[in-house]
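Results of the structural survey
Listed below, chain by chain, are the residues.
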Amino acid sequence: MSRTWIVLLLILPTTLLTSCGAEPWERDPDVQATKAACKGSGKELDYACIERHAVETLNPDVCRLAGIAIDDMCLQAVYEAAGDPAICERIYLRGVQPNCQAYYAARAAPSPSPRVRDTASPTPASPTPSPAPLTSTPAPTHTPTPAVDLELSVATYALVKLPAPESDVLDFAGSVEDDPLARHAAERAQHFPDSTCSVAGDFGYCARLGDDLLAAWMDESDPEAGYVIVARNDEQVARIPVGATGGAIPSLWGLWAYDGHWAVETAWVDVVQSGNVFTSTATGQVVVDGVSLNDELGYDETFGFQTLGGKPFYFFEHQATVDASYDGVDIPLGFDEVLHLLCCSAAAFNPGAHPNVVTFYGRKGDTWYYGEIALSPSVSPTSPALASEGLIAFVDPEGRLSLIEPDGQSQRQLTSGGEAFAPAWSPDGETLAYIYQERAEEPRRAALYRLDTGQTKLVGAREERLRSLAWSPDGRYLLLDSGTSMAGWIAIVEVASGQTVHESVTAVGFAWSPDGQRLALGQLQPLEDPISVESGDSASFAVLEVGAGASRVVLTGTSEVLYFPRAWLPDGRLLYDRLDWDEDAGTGEHSRWTVTVDGLVSTPEPAANVPPAFDREVTLARLPKAFRDESTGSFSWSPDGRWLVFHTRLDREMGVYVFDWEQGGEPVRLIDGTSPAWRPAEVSQRPAVPSEGMLDCVPAGTFSHCVDDVLGIEFEVPASWGPIETSLRPGLDAGFAYDYYFDGKAHAETEPLVAGGRSVDFSEGRGAMPTDFGGYEHAGWQRTSACAGSGDWFRNSYPVCQQVNENVAWMIRFPNASVLCEDVLGNWQTMPVFRIEINLPDKPTINGFIFEAPFFSEQFAGRLQNALYPLLGARLDWRASKCDEASREAFDAQLMALIETITNRTADAETLENVDELVYLAESIRCQEWKRLPFSASPLS
């Protein structure tokens, strides 16, 4: 089914990654030789040449020359050519290392045939019929998959309405027993490596097929009749017609290689222009080994190609019905429509591709559905019940920090190289602290791993005997525990700043207070006549106010009585052990007590009513006898308190086990490993989020005065833009997106005007909206202010930029020849746009907001179309094809002449009126906390 959309605007990000000085890898002889050998006629190095040298030398660092967009493809070629899993440890990209390890793990594994089953929709929708055999596609053989029993499931869930662009907030029809978005959340968190690459200085896709290099790119020499070219080792193997190349919907969607076959997904695009409006019609086509599946199998359309568990998957339309195909077998879906080939909101609506799951939105009649087609290990109906919620961190037998779901599925490795110990979750479940040791003979460090970004940083000092970590309950501090059973010491680090607030505090045993402000500790007490208990000291019970200096002794140790804190209980009591020591006998008697220390110290009492989570003996007694062993430990509880995870040594191997505390029975072995830690329930810090609303605007002549309480600003907007609807929605994992819709119209479909913003932690497709003047908080993209761009690229893209105050700026995007000719990303809208940036650094919800709109009249647009862009062989919305020096100079000269008609106010009246309205809007933006900068008159006033 072809899709028709009216597209007016794509937003070009205003940031660009910059590089720093030379690094050690650049001095590598292999890297230097490759750089010299692969330097082409332009600035870019030839990708095919880089990959060839990387494979010949089996040196992953050579791939760094390919650039961040495509170096993962080069790395894949290197590790496949190496034939040695040790190569995985030399790969510098964290995201590629698991792919490398999975590649070697799968090479020798047999590939079972998956069963295909349907999961009944929990809504009144009709059940999906079981798939029936179909004649195989031109790809009859497949990549081996792990040796597990795989099962393909199809689940569809009726929706009340189609979600807003970029949102995963779904309103399900009827009752949904379990959250569908949680069912395959771990699979959706996995992504294919980016296969985009630069082919002869242009945008394309690359893939490895055995020892061969595949590449696909666009031939746009004729904008009315474009082609997708596929080459194998520089030899053309396919030339696929794709129609017009001037629309906003791309014609090239992906290139894939699997088990001796290749597939390319393209779209036949028709573009019709009327004024500033471009209407695009796209029809999908999948070509396998040079054969069109549309032609071969009689389909009206094929789209959404990907590999699923290493085998080919795609959607197809036949006789007005959309179904799917997996490994040559039909999956009857029976949809009237499945959204695909969309512009501008692809993050929400295109089929979502993941290595083991496909997500999509489909329509049957007037009802929309959310669907997931997933490949996962099947669970035997006789298996013991296991918890299904949450994540468990553990250390695998190779010393790597890993995650696994409580039901044993979706294992994920987080680290490689070195060795990890004692993982500990932050209270909000977003960060894993663990002990890291690069080599056995080196000291240990505390490390923090952010789950949302995959970034790791080291904190605290290097300690040879670092043995455990403990978060304060408020998540502000991390305690580092070092030493031996008696001669111990601790350090406390403030996580946000990385500063050590207490270091080398001598202590034996410790416990955080529930508010995270105090620490109970066993404080070593020197004695005149030392006792023969390892250190020769006694142990007093003390309380330390974090950041406040000396501790306060609560119970003073003697030569006969020693105190060791164990836990600060939720009811405020301190649990501690008391050792009554008989020096003559050389032995002591342990007992367990509680005391309160808020205000006056209470009288100690024998411990009673202690929750099992704080009593090892009670926990061990609940386990079967075989598990009551000294090796059993690292107890960690599920957030609901029903499940217990721990490690123990049975059959000479350390393993992680899950135990049903309520039902008892035998613990279930989850996986080989140690030190399990159950992720805490996520603590939401989000305010209540209205899904939609109306902005408070009062008409005042030609402008309306608007107040936005979400952003904390007020401004005056042209009344002709109509009433403004607002949408504030959460992201996939964190953060917010906030958008305006003028006169009830969705900007991505019908309006050349957009306004919106994102928080810095917004985790979906950002719609190219900046979060603040610093882009997406990437150190390489930061701008010191809105008009202080990152290198020449910003100035060449935004030749007009005016800072209104420290938090507001307006600018005009009008890219020059260097941007249009050298931007390897390509495929970005080049139409001039007026942009207003608002920085909101102190807003917890939305950190930045923009207004963006074309400002020129039809008369001005005619000059662009007829006198400017043809100088580079470009259309109004496409990149250049003529980039010789003479063409560039002619283009830049004409560009400056057009810009001067705006700055010296000789442009046509309609264009100047539009610009004046937008400048007035920019200068009307106010916030009480902002200070006005010294401001000279605008060059447009």
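Reading the values: rules and limits
Residues numbered from 1 in each chain as written. Predicted model: local features only at pLDDT ≥ 70, side-chain atom pairs only at ≥ 80, totals over all residues. Heavy atoms only, no water. Core = buried A, V, L, I, M, F, W, Y, C linked by side-chain atoms within 4.5 Å. Buried < 20%, exposed > 50% of the residue type's maximum accessible area, 1.4 Å probe, protein only. Contact = heavy atoms within 4.5 Å. Pairing = 2+ DSSP bridges. Helix = DSSP H or I, 4+ residues; strand = E, 2+ residues; numbered from the N terminus. Salt bridge = Lys/Arg side-chain N within 4 Å of Asp/Glu carboxyl O. Axes fitted to C-alpha atoms, helices over the stretch in contact; angles between N-to-C directions. Parallel < 35°, antiparallel > 145°, perpendicular 65-115°, else oblique. Left-handed = near helix turned anticlockwise from the far one by under 90°. Patch = residues over 30% accessible without salt bridge, like charges linked within 9 Å, V, L, I, M, F, W, Y side chains within 5 Å. Areas by Shrake-Rupley, 256 points an atom, 1.4 Å probe, with all protein chains shown as cover. Lys, Arg positive; Asp, Glu negative; His and termini not counted. Charge placed at Lys NZ, Arg CZ, Asp CG, Glu CD. pLDDT = per-residue confidence, 0-100. Polar contact = N/O pair within 3.5 Å; in protein donor to acceptor, adjacent residues only side chain to side chain.

Details of the nonpolar core
- Core analysis: the biggest nonpolar cluster contains 53 residues, and Phe-715, Tyr-740, Phe-814, Ile-836 and Phe-851 have the highest contact counts within it.
- Residues within four places of Phe-814 in sequence aside, it is in contact with Asn-796, Ser-797, Pro-799, Pro-832, Phe-860, Leu-864, Leu-868, Tyr-869, Leu-895, Leu-898 and Ile-899.
- In this structure, Cys-100, Cys-197, Ala-216 and Leu-252 belong to the second largest nonpolar core, which totals 44 residues.

Overview of the pairing of strand S8 (residues 235-243)
- Note: strand S7 (residues 226-232) against S8, seven bridges, orientation antiparallel. Within S8, the residue paired with Ile-229 across the bridge is Arg-239.
- From the end of S7 to the start of S8, which pair antiparallel, there are two residues, and Asn-233 there has a positive phi angle of about 55 degrees.

What to know about the pattern of salt bridges
- By the definition in use, this model includes 22 salt bridges.
- Between Asp-916 and Arg-905 there is a salt bridge, and its shortest N-O distance comes to 2.8 Å. Linking Asp-916 in helix H15 (residues 909-924) with Arg-905 in the loop between helix H14 (885-903) and H15, this pair joins segments that are 11 residues apart in sequence.
- On the basis of relative accessibility, which here comes to 33%, the residue Arg-905 falls in the partly exposed class.
- Put simply, Arg-566, Asp-577, Arg-592 and Glu-617 are held in one network by salt bridges that share partners.

A word on the sheet that holds strand S15 (residues 321-326)
- In spatial order, the strands read S13-S14-S15-S16; together these four strands make up an open sheet with antiparallel pairing. A single partner strand is all that each edge strand has here, and the edge strands are strand S13 (301-308) and strand S16 (329-335). Averaged over all pairs of adjacent strands, the angle between strand axes in this sheet comes to 20 degrees, irrespective of strand direction.
- Pairing of strand S14 (residues 311-318) with S15, which is carried by six bridges, proceeds in the antiparallel orientation.

Some remarks on the packing of helix H1 (residues 29-37) against helix H2 (residues 47-57)
- Two elements in contact, H1 and H2, have axes whose closest approach is 10 Å; the angle formed by their N-to-C orientations is 150 degrees. The orientation of H1 relative to H2 falls into the category roughly antiparallel. Note on packing geometry: the crossing formed by H1 with H2 is right-handed. Mapping the contact onto sequence places Asp-30, Thr-34 and Ala-37 in H1 and Cys-49, Ile-50, His-53 and Thr-57 in H2.

A closer look at the sheet that holds strand S31 (residues 500-506)
- What the four strands build is an open sheet, ordered S28-S29-S30-S31; its pairing is antiparallel. Of all strands in the sheet, those bounded by a partner on one side alone are strand S28 (466-471) and S31. The mean inter-strand angle of the sheet, taken between neighbouring strand axes irrespective of direction, is 15 degrees.
- When S28 meets strand S29 (residues 477-483), the two strands line up antiparallel, connected through five bridges. Bridge pairing links Trp-471 to Leu-478 in S29.

Examining the pairing of strand S19 (residues 357-364)
- Within S19, six of the eight residues are buried, which leaves it mostly tucked inside the rest of the structure.
- Looking at chain direction, strand S17 (residues 337-338) and S19 are connected through two bridges and run antiparallel. Looking across to S19, one finds that Glu-337 is bridged to Arg-363.
- Across three bridges, the pairing between strand S18 (residues 352-354) and S19 is antiparallel. By the bridge assignment for S19, His-354 is matched with Val-357.
- Count of turn residues in the S18/S19 antiparallel hairpin: two residues.

What about a negative patch on the surface?
- Where like charges cluster on the molecular surface, the negative patch consists of Glu-560, Asp-582, Glu-583 and Asp-584.
- Inspection of the secondary structure assignment puts Asp-582 in strand S37 (residues 574-582).
- A relative accessible area of 38% means that Asp-582 is categorised as partly exposed.

Focus: the confidence of the model for the chain
- Across the chain, the average pLDDT comes to 76, with 74% of residues at 70 or higher.
- Contacts of residues 746-750 to residues separated by more than four positions or lying in other chains number 14 contacts, the stretch itself having pLDDT below 50.
- Scored below 50 in pLDDT, residues 930-941 makes 34 contacts in the model with residues more than four places away or belonging to other chains.

What to know about the environment of Arg-239
- As for its position among the elements, Arg-239 is in strand S8.
- Of note is the side chain of Arg-239, whose polar atom sits 3.3 Å from the side chain of Asp-219.

Considerations on the environment of Leu-872
- Among the secondary structure elements, Leu-872 is positioned in the loop between helix H13 (858-868) and H14.
- Accessibility expressed as a relative area gives 0% for Leu-872, which makes it buried.
- Taking C-alpha positions, Leu-872 is 8.7 Å from Asp-884, a pair spaced 12 residues apart along the chain.

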